[in-house]
Every structure is written in structure tokens, then in C-alpha cells.
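A structural walkthrough
Next come the chains, spelled out residue by residue.
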Amino acid sequence: MSTNVSIIVRACLISSLFSLVACGSSGSTPELPSSSSEASSSSSSETSSSASAPAMTAPDDPLEPHATVAEMGIGINLGNTLDAYPNEGDWALPAQEQYLEDFNEAGFQHVRIPATWDDHTAESAPYAVDSERMNRAEEVVDWALDQGFYVILNAHHERWIWEGEGLTEEKRARFEAIWTQIAERFSGKSHRLMFEILNEPIGLSAEQTNQLKADILPIIRAQNPTRLVIISGHNYSGVHTLSDIDLPDDDYLIANFHSYDPWAFAGQCTRRWGSEADRSELAQIYATAAAWREQSGVPVMLNEFGVAKFDFQNPENVCELEDRLAYIGHHVNLAIENGIPATFWDDGGSFSTYDREAGTWGPEKDVLVAPNNP
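Residues numbered from 1 in each chain as written. Predicted model: local features only at pLDDT ≥ 70, side-chain atom pairs only at ≥ 80, totals over all residues. Heavy atoms only, no water.

1. What to know about the layout of surface pockets
In this model, the largest pocket occupies a volume close to 1000 Å³. Considering the residues around the largest pocket, the lining is formed by 32 residues, among which Glu200, Tyr260, Trp263, Phe312 and Phe351 are closest to the centre. Of all the secondary-structure elements, those providing two or more residues to the lining of the largest pocket are strand 6 (253-259) and strand 8 (310-311). The class makeup of the residues in the lining of the largest pocket is 11 nonpolar, 15 polar and six charged. (1 Å grid on protein atoms, 1.4 Å probe; cavity = no way out; pocket = protein on both sides within 12 Å on 5 of 7 lines; lining within 4 Å. Points joined across faces, edges and corners; volume = space filled by probe spheres on them. Helix = DSSP H or I, 4+ residues; strand = E, 2+ residues; numbered from the N terminus. Nonpolar A, V, L, I, M, F, W, Y, C, P; charged D, E, K, R; others polar.)

If you want it as C-alpha cells, here you go:
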């Protein structure tokens, strides 16, 4: 049996099984972009997620990938929230609808909702996702869609896939089951909702990452034939891994990469940032992504970028605000200049610009949203 046939059969078996059980620095002044022409960063459950029917919305037209990317602008991650493990609230304040309203009022144009499914999925077949987790994910997605955002929902900290014995057939079946349930639950949503198959597969090779993507995409397509799907390279999804992507024959794909370069500045706060060399290195990252887009014909986005206020592992290491704003501004300028939508990593903590408790914004926000409000 060929690999493609095996994938399809496996997807059908999983889908059928669930229908049976569930029925259903430099010291320089930061650049403040002012216009689009000048500028542009737990426990397992026995209840299936399909126990309650998906909230259907009026059908809308499929989105063309390049045109959609051109409209996404600068967005924001609702980080350390549904992606926290084992439970939402363990890493940052739980999501509230007000956060999405504030994101919209601030001027962001898309929202990425990272979600970790492991601690909310049974460890034996049929690998049912907790109905509570699925309902909660749908609630937060609906909040974002109600604000008019383009929305990205993913599988985020799924390290169980490669830890221990590595990527076994059982783990592959479990991940396929998770995506079968997500694909079914959200199949009736607006096309403004996009799926991202897997965030930063740091323990998988390029070949394994490509194979897992090849396993999951047909499962998504069975229920969502024209929904945009976001794919990435392996490891931490650096821009260099775009060239390792084995592109499926699919008309509704967007590729993504991440950039916190250089990490010694953006994550560890052990150096300054803002020299001409620093700016050139960041520009080269965007040039690499743009060149891959032209060669592949697939649009590209940067769905994580940002800079820490301090290294949470070594809080005595602090990133200078002046450098942080300059760095974020340069990311934004390069993103807009290269036609690459970018999603700022806001984790409610060191990487944040939005204070969830107070409902207020730090100075990073104005740099981020300036090109969204020409």
C-alpha cells in the first residue's frame, strides 16, 4: 500500500471511529512606522470533543493565500494561554473576551491562538480530546472571529510527539486523532480561521516533519477542503528551514518561520542591539523568506517574533527599552516592505506589550500597529 493511500485509509479509520463513539545599542531612536508605504513583529477525558455539535456559521468564500497574506498585516499572539501546560492559567492569566476586544481596538489585524492538546487528550484509542478543552478553544476562537480578525489555531507545545521513544506509530495515530477532532469541530467556521499543523517541532528531523505534515493535511482536507493551512520547517522553524519543506500539492497553503534573532539579545538580554550589522542580519532573514516565496510560489508569514524585557531564567539580565523598540520597529518595517505578515509574541509576561490585569498597553504597541493604521 502506498504512503498516500495509507494516510487516507488511516484518516478514514480515525474519522469513522470517532463517528461511532461520538456522533459528531545603538542608542538610536526606534523607527516608528507611519504608513504602509514606509513600514510595516489536563488530564485525559473519556468524553469526545464531538459530543456537542460544532457552532455553524454562514458559509463564506474560500480565501486565496496570497491575497489573504497581503491583508493580514501585523498581528499578535495570545501566548502562554491555551498553549500552557498542563492547564490554561498556569503560565499567564486565562483568556478573556476583553483581551480580543482590546487587540482589535489597538489596531492589530490578526490573532494567533497557540493551543497545546496533549494534557487534554486521552492516551489510548480513540484518543478523545476533553470536551471542556475543545469547547474552550472554540469559545476563544469565536471571540477572535467576532472581532473580524484573521485567526490562527494550532497545535503548539506537543513535545510528547518526539520525547521518550520518539515519533512512534501510536503517537502518530494520537496526533492524527487530535487533528481529526479539531478539523471536525471547526469545519463550519469562517474561512478567516486558519489551521497551523505543528509549532516548532524541535525534536523532529526535516524528513519526519514533512511526513507528519503529509499525514495531517489530508485529515484536515477531509473536513476543510479550502481552509488555509499553515506549515513550517523543522526545529525552531528558523527561516533557513523553509528550504527543507517538502511542499504538498495544495492550493491553500501558507508557510511560516519564526525569528528571535539574535537570541542573545531577544531572549537572553545579554547584549545590546541596533548596529548596522544587526539591522543587516535581520534584513537578510526577511530577504531569505521573500526569495523562498518567489521560488516556491507559496506565501510566507512570520508568526512569532518579539524581544524579552528580561530573561525569565536570569531576571537580572534586562533588555534596554530603547533597543527593544528599535528591534521591534525594524522587524515591522521589514515585514511590511517584504509583504510578510508578522505576529508579535505576547505571552502576558516578559515578552508582552499588553497588561492583561490592567488592560493597558506598553510602548511596543504603537510601534507594532502603526502600519496597520496608515
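2. So, unusual backbone geometry
That bond from tyrosine 85 to proline 86 is cis: its omega, 10 degrees, falls within 30 degrees of zero. As for its position among the elements, proline 86 is in the loop between strand 1 (74-77) and helix 3 (97-106). Positive phi outside glycine occurs at asparagine 80, with the angle close to 55 degrees. Along the polypeptide, asparagine 80 turns up in the loop between strand 1 and helix 3. The class for asparagine 80 is buried, based on a relative accessible area of 15%. Look at tyrosine 127: it is not a glycine, yet its phi comes out positive at around 60 degrees. Note that tyrosine 127 resides in the loop between strand 2 (110-113) and helix 4 (131-146). (Buried < 20%, exposed > 50% of the residue type's maximum accessible area, 1.4 Å probe, protein only.)

3. Let's talk about the pairing of strand 6
Among the seven residues in strand 6, seven count as buried, and that is most of the element. In this sheet, strand 6 lies alongside strand 5 (residues 229-232) in parallel orientation, the contact comprising four bridges. Bridged to isoleucine 231 within strand 6 is alanine 255. The sheet contact formed by strand 6 and strand 7 (residues 300-305) spans five bridges and is parallel. Directly across from alanine 255, in strand 7, lies its bridge partner valine 300. (Pairing = 2+ DSSP bridges.)

4. Examining the pattern of salt bridges
Taken as a whole, this structure holds 16 salt bridges when the rule is applied. The closest approach of N and O atoms between arginine 136 and glutamate 88, which form a salt bridge, is 2.8 Å. With a gap of 48 residues between them, arginine 136 in helix 4 and glutamate 88 in the loop between strand 1 and helix 3 connect regions that are remote in the sequence. Classification of glutamate 88 as buried rests on a relative accessible area of 19%. The partner of arginine 112 in a salt bridge is glutamate 196, with the nearest N and O atoms 2.9 Å apart. One end of the pair, arginine 112, is in strand 2; the other, glutamate 196, is in strand 4 (residues 193-196), and 84 residues separate them in sequence. There is no split in this pair, since arginine 112 and glutamate 196 are both buried. (Salt bridge = Lys/Arg side-chain N within 4 Å of Asp/Glu carboxyl O.)

5. Some words on the state of the cysteines
Under the definition given, this model contains one disulfide. The disulfide partner of cysteine 269 is cysteine 319, and the S-S distance across this bridge is 2.2 Å. Across the S-S bond of cysteine 269 and cysteine 319 the torsion is about -105 degrees, and the bridge reads as left-handed. Pair noted here: cysteine 269 is in the loop between helix 7 (263-266) and helix 8 (276-296) and cysteine 319 is in the loop between strand 9 (314-318) and helix 9 (321-337), with a separation of 50 residues, a long-range link. As far as the burial class goes, cysteine 269 and cysteine 319 line up, both buried. (Disulfide = S-S within 2.5 Å.)

6. Thoughts on empty space enclosed by the protein
Each pocket or cavity is described by its volume, and for the largest cavity that value is around 100 Å³. As for the largest cavity, its lining consists of Phe175, Ile197, Leu198, Pro201, Leu204, Thr209, Leu212, Lys213, Ile230, Ile231 and Ser232. Going through the elements one at a time, helix 6 (206-223) and strand 5 are the ones with two or more residues in the lining of the largest cavity. Put simply, the second largest cavity is a space of about 50 Å³. Looking at the second largest cavity, the residues that line it are His156, His157, Glu158, Arg159, Trp162, Asn199, Glu200, Ile202 and Tyr236. Residue composition of the lining of the second largest cavity, grouped by class: three nonpolar, three polar and three charged.

7. Notes on the environment of glycine 188
Tracing the backbone through its elements, the reader meets glycine 188 in the loop between helix 5 (169-185) and strand 4. Given a relative accessible area of 10%, glycine 188 falls into the buried group.

8. Describing the nonpolar core
Residues Trp117, Phe175 and Trp179 are the most contacted members of the largest nonpolar core, which totals 86 residues. Grouped together as the second largest cluster of nonpolar side chains are 10 residues, Tyr150, Ile152, Met194 and Ile254 included. (Core = buried A, V, L, I, M, F, W, Y, C linked by side-chain atoms within 4.5 Å.)

9. Examining the side chain of glutamate 200
Relative to the assigned elements, glutamate 200 resides in the loop between strand 4 and helix 6. Arginine 159 provides the closest opposite charge to the buried, salt-bridge-free glutamate 200, at an N-O distance of 5.8 Å. Side chain to side chain, glutamate 200 and histidine 258 meet in a polar contact 2.7 Å long. Discounting residues that sit within four places of it in the chain, glutamate 200 has contacts with Trp162, Asn235, Tyr236, Ser237, His258 and Glu304. (Lys, Arg positive; Asp, Glu negative; His and termini not counted. Polar contact = N/O pair within 3.5 Å; in protein donor to acceptor, adjacent residues only side chain to side chain. Contact = heavy atoms within 4.5 Å.)

10. Describing the confidence of the model for the protein chain
The predicted model of the protein chain averages 88 in pLDDT, with 84% of residues at 70 or higher. Contacts of residues 1-58 to residues separated by more than four positions or lying in other chains number 133 contacts, the stretch itself having pLDDT below 50. (pLDDT = per-residue confidence, 0-100.)

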